[in-house]
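Next come the chains, spelled out residue by residue.
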Amino acid sequence: MPKISVLLPVYNCEKFIVEAIESVLHQTYTDFELLIIDDFSIDQTIALIEQFNDSRIQFIKKEKNTGYTNSLNYGVSIAKGQYIARMDADDICLPTRFEKQVAFLDSNPKVILCGTAIQIIGTDTILKHPSNHEEIKVKLCFGNSFYHPTIMGKKETFQSNPYNKAYEPAEDYDLWTRIAFQGELANLDEVLLMYRVHENQVSNTNNQHQITVGYASQYRMFELFRLDYNEKVFHIMHKTFKVHDYYTIDDFKNSILFLNSLLKSNDILGVFNKSAFKKRVYSVKLNFFKIYFTKQKINMSMVFFYIKYISIRDVTILAYNKIIK
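Within the structure shown, the criterion is met by ten aromatic pairs. Look at Phe 272 and Phe 277: their rings are 5.7 Å apart centre to centre, the planes differ by 5 degrees, and that puts the pair in the stacked class. By relative accessible area, Phe 277 is classed as buried at 0%. In this structure an aromatic cluster arises from ring pairing among Phe 142, Phe 181, Phe 222, Phe 225, Phe 258, Phe 272 and Phe 277.

Here's what the structure looks like:
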């Protein structure tokens, strides 16, 4: 039995598929199977894949297009490895990726999922998510905490928690929020995958729907605070966590009150590490202040709101960052 089952769903990716497969086959850690699942491609993807002659490759050609999430769940169902690793058809694994992730997971049996940092192909841009479990859980309240094609985790985690097609193309964020309290989560700070940004990737072609379904996963984390979810709360979340061109004074007030209520709830319930949660909330609050004050003018209504609802710490943060003078 292989140690790792690598899931590589593909669809019309003739431009990048060869480089992606080669980066997997050239790993320093060689005990893996590569499950390539084609979603009924109509370009040269299939022909290019069939040129590879490596016993570790298992190539599945679907007879009709059923979607990315369906491919992932099928891959999990036939996987033989102890660990499931993800890979996308337009990215590049660095040679020691599997070696370092396997070593980490073997040494940390409580960890059920491990991601890595990434570098954007063609740039010097390096992106990282929090590395430790408590900070990852906190960040899941406000957005994704893993780069999906970098993850490796225990097979039983994926078997017990299949990807949900209803949340596609944010099916990964949905999954992470469902397993956040089932075991420990981790990210390696080292760049082990080169990530490609291009106009045809799902995050660009279906961005608005990805954001919309992402709110449902985000709210799953906020449910732990026993919030009463309704249309008003949804609107506040939308204004607070996504950059808009315009905010009303009520948007600003509601967002600050919402963030303050999260802090108060966590102080009482202790759902998340208090220090990590406060740090993340103040980061979100600071970003919101920056956006708002570059687009609005301060008026008397705003001043009264400051006096009543904004803490000394908020004012200190604002002054320190020279948002107000």
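The element helix α5 (residues 133-140) is extensively covered by neighbouring structure, given that six of its eight residues are classed as buried. Taken residue by residue, α5 has His 133, Ile 136, Lys 137, Val 138, Lys 139 and Leu 140 as its buried positions. The N-cap residue of α5 is Asn 132: its side-chain oxygen and the backbone nitrogen of Glu 134 are 3.2 Å apart.

With that out of the way, let us pick up the confidence of the model for the chain. In this model, the chain carries an average pLDDT of 88, and 85% of its residues clear a pLDDT of 70 or more. Low pLDDT (under 50) marks residues 321-325, which in the prediction has ten contacts with non-local residues, meaning those over four places away or in another chain.

For strand β6 (residues 111-120), a buried count of ten out of ten residues is recorded, marking the element as mostly surrounded by other parts of the structure. For β6 and strand β9 (residues 184-195), the ladder comprises nine bridges, and the chain directions are parallel. In the sheet register, Cys 114 faces β9, and the bridge partner there is Ala 186. Where β6 and strand β8 (residues 152-154) come together, two bridges link them in antiparallel fashion. Residue Cys 114 lies in a different strand from β8, and its bridge partner there is Met 152. As defined by bridge partners, β6 adjoins strand β7 (residues 126-127) across two bridges and the pair is classed as antiparallel. Across the sheet, residue Ile 118 finds its bridge partner in β7, namely Leu 127.

A grouping of Tyr 11, Phe 40 and Ile 42 is seen on the molecular surface, where their side chains present a nonpolar patch of about 340 Å² in accessible area. In this structure, Ile 42 sits in the loop between β2 (32-38) and α2 (45-50).

The next thing to look at is unusual backbone geometry. Along the chain, Glu 168 connects to Pro 169 via a cis peptide bond; the corresponding omega equals 10 degrees. On the secondary structure map, Pro 169 appears in the loop between α6 (155-160) and α7 (171-179). Even without being a glycine, Asn 12 presents a positive backbone phi close to 50 degrees. Looking at where Asn 12 falls in the secondary structure, it is placed in the loop between β1 (4-10) and α1 (17-25). Residue classification places Asn 12 among the partly exposed residues on the basis of a relative accessible area of 30%.

Rules of the game
- Residues numbered from 1 in each chain as written.
- Predicted model: local features only at pLDDT ≥ 70, side-chain atom pairs only at ≥ 80, totals over all residues.
- Heavy atoms only, no water.
- Phe/Tyr/Trp six-rings, centres within 6.5 Å; stacked < 30°, edge-to-face > 60°.
- Buried < 20%, exposed > 50% of the residue type's maximum accessible area, 1.4 Å probe, protein only.
- Helix = DSSP H or I, 4+ residues; strand = E, 2+ residues; numbered from the N terminus.
- Polar contact = N/O pair within 3.5 Å; in protein donor to acceptor, adjacent residues only side chain to side chain.
- pLDDT = per-residue confidence, 0-100.
- Contact = heavy atoms within 4.5 Å.
- Pairing = 2+ DSSP bridges.
- Patch = residues over 30% accessible without salt bridge, like charges linked within 9 Å, V, L, I, M, F, W, Y side chains within 5 Å.
- Areas by Shrake-Rupley, 256 points an atom, 1.4 Å probe, with all protein chains shown as cover.
- Salt bridge = Lys/Arg side-chain N within 4 Å of Asp/Glu carboxyl O.

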